[in-house]
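Examination of the molecular architecture
Here is what each chain is made of, one letter per residue.
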Amino acid sequence: MSIISTDSYRTPTSHIHTINEGSVFKYELVKRVGRIQWAQYAQPIFLNSRLLGKKGDDLLVCTGGLSDDSRSKLNLFFDSPIRKFLLSDTLDWYARLVNNVDDQEQKIAAQSDFYNCSDHLPVFRDAFQNVMNEIYPHIYESTGCHWRVINSCALATKPNSDFGMYNWHTDGFPNAIRKILIFPDPLNDDSGTFEYEEPTSEGCPHKIETNGSSWIFCDVNRVKHRGRPPKKGVRNCLQVTIACAETADMSYKQLGLNAHYPLSPLIEQL
Ligand SMILES: [Fe+2]
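As for the sheet that holds strand β9 (residues 235–245)
- Spatially, the 6 strands line up as an open sheet ordered β1-β7-β4-β9-β3-β2, and their pairing is antiparallel. With partners counted over all chains shown, the strands left at the sheet margins are β1 (61–65) and β2 (112–114), one partner each. For this sheet, the mean angle separating the axes of adjacent strands, direction not counted, is 25°.
- Examined bridge by bridge, β1 and strand β7 (residues 214–218) share 5 bridges and lie antiparallel to one another. Note on β7: the bridge partner recorded for Val61 is Cys218.
- Contacting β1, β3 (146–157), β4 (177–183) and β7, helix α5 (residues 121–143) runs over the sheet at an angle of about 140° to β1.

Following this line, the structure appears as structure tokens:
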């Protein structure tokens, strides 16, 4: 799924251009080559984790809470003024490509505001590092693999969102990639939440409900999932995309808003 900032759709229609078929072909080609590269990159790491008696690629979902310290640092960032992303801000080549707007894409884009982490980098980096340092030992222990951050974005989901990532879907990443969703506020029907359905329990979705700040590690490629919007206000979320790696690297990265980024271990931006 592509994610584009709301503001990009408020530009005059004269800025909208038609998708270039050559560009689409290039994107699809890079994506396919990227999947092969990710598979080659990931396989030895997963094999190694199995040799250690753990199964890094078998863990579908795990969750946990966050300390008060992490929560206050996260809220410091989420309380900072929002400056929505513009197309000119993003390194996301695909977002520019799909500037040919159709109704569905417009509806998806209108559902969330994306925080511009670059404008508040010291606060964001502090919150990011604090949270990831707290979560990482749990994920390493559960999977038996090391992981590195390859992308992140912070967004505020608006009420009544029900398209794209707020409808049942899988993300379609290569096997080496997972996501961590970090929520500073409690999750429930009123404030918004996250639901998932394991492959072995189709038709019986799980709903995450929490009293405080929380995180969810999810194999978004195999587990059907959907974000649930709040009834009023916004549901803040920090999304972190990670890939299995030889050594841990939890430093902040933000390459673009497209959920498929980065396409390959070798090409991080186009
Ligand atoms: Fe997703």
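Things to note about the nonpolar core
- With 43 residues, the main nonpolar core has Val131, Ile180, Leu181, Ile182, Trp215 and Cys244 as its most contacted residues.
- Elements represented by at least two residues in this core include exactly α1 (21–51), α2 (68–78), α5, β3, β4, β5 (193–197), β7 and β9.

What to know about the packing of α2 against α5
- Across the interface, α2 lies against α5 with an axial gap of 8 Å and an inter-helix angle of 150°. Taken together, the axes of α2 and α5 are roughly antiparallel relative to one another. Pair α2 / α5 crosses with left-handed handedness. Where α2 approaches α5, its residues Asp69, Ser70, Lys73, Leu74, Leu76 and Phe77 are matched on the opposing element by Val123, Phe124, Asp126, Ala127, Asn130, Val131 and Glu134.

Quick word on the sheet that holds strand β8 (residues 224–228)
- Pairing is antiparallel in the open sheet, where 3 strands are placed in the order β6-β5-β8. Single-partner strands in this sheet number two, and they are β6 (206–208) and β8. Averaged over all pairs of adjacent strands, the angle between strand axes in this sheet comes to 20°, irrespective of strand direction.
- Where β5 lies against β6, 3 bridges are found, and the strand directions are antiparallel. Counterpart to Tyr196 in the pairing with β6 is His206.

A short note on the confidence of the model for the protein
- Confidence in the prediction for the protein averages 77 pLDDT; 71% of positions are at 70 or higher.
- Per-element confidence in the protein is highest for β7, whose mean pLDDT is 96, and lowest for helix α3 (residues 93–97), whose mean pLDDT is 50.
- Low pLDDT (under 50) marks residues 97–101, which in the prediction has 18 contacts with non-local residues, meaning those over four places away or in another chain.

Rules used throughout
Residues numbered from 1 in each chain as written. Predicted model: local features only at pLDDT ≥ 70, side-chain atom pairs only at ≥ 80, totals over all residues. Pairing = 2+ DSSP bridges. Helix = DSSP H or I, 4+ residues; strand = E, 2+ residues; numbered from the N terminus. Axes fitted to C-alpha atoms, helices over the stretch in contact; angles between N-to-C directions. Contact = placed C-beta atoms within 7 Å. Core = buried A, V, L, I, M, F, W, Y, C linked by C-beta atoms within 7 Å. Buried ≥ 20, exposed ≤ 12 C-beta atoms within 10 Å, placed from the backbone. Parallel < 35°, antiparallel > 145°, perpendicular 65-115°, else oblique. Left-handed = near helix turned anticlockwise from the far one by under 90°. pLDDT = per-residue confidence, 0-100.

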